[in-house]
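Per-entry structural report
Single-letter residue listing:
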Amino acid sequence: QVQLQESGPGLVKPSQTLSLTCSVSNVSITTINYYWNWVRQPPGKGLEWMGAIRYSGSTHYNPSLESRTSISWDTSKNQFSLELNSVTPEDNARYFCLSHYGMSHWGKGTLVSVSS
């Protein structure tokens, strides 16, 4: 039932901020017990959880990325967003947003390249 769709630029220059938005349909992002995640997958590598915003608005981050990562939301638009600062080519990846409440629902992901 939950539908998610990532959007944002597919190309980011080194040192810039990567900004992505996840649009959510069929459930409010403030619904109790849900949390809303960002996950990425670099080419040829496994999934890496980046962080999440809970239904209450609290946030949690992967310690390895916390210093560069910010997750926020706009409840009026039923969207949540990711910002990743000071990107390098190591941040090349497919970025996914997903919901979790007992089971997970994933967006299709969006490729982001970091290149000058």
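Note that the structure is predicted; figures quoted are calculated from it, not measured.

Thoughts on the pattern of salt bridges
For the structure on display, the rule yields three salt bridges. Across the pair Asp91 and Arg40 runs a salt bridge whose closest N-O atoms are separated by 2.8 Å. Placement of the pair is Asp91 in the loop between strand S8 (79–84) and strand S9 (93–101) and Arg40 in strand S4 (residues 35–41), with a sequence separation of 51 residues. For the pair Asp91 and Arg40, a shared accessibility class is recorded, and that class is buried. Close ionic contact of Asp91 with Arg68 constitutes a salt bridge, the shortest N to O distance being 3.0 Å. Residue Asp91 is located in the loop between S8 and S9, and its partner Arg68 is located in the loop between strand S6 (59–61) and strand S7 (69–74); the two are separated by 23 residues in the primary sequence. The exposure class assigned to Asp91 is buried, which follows from its relative accessible area of 2%. Within this structure, Arg40, Glu48, Arg68 and Asp91 form a network of salt bridges that share partners.

What counts, and at which threshold
- Residues numbered from 1 in each chain as written.
- Predicted model: local features only at pLDDT ≥ 70, side-chain atom pairs only at ≥ 80, totals over all residues.
- Heavy atoms only, no water.
- Salt bridge = Lys/Arg side-chain N within 4 Å of Asp/Glu carboxyl O.
- Helix = DSSP H or I, 4+ residues; strand = E, 2+ residues; numbered from the N terminus.
- Buried < 20%, exposed > 50% of the residue type's maximum accessible area, 1.4 Å probe, protein only.

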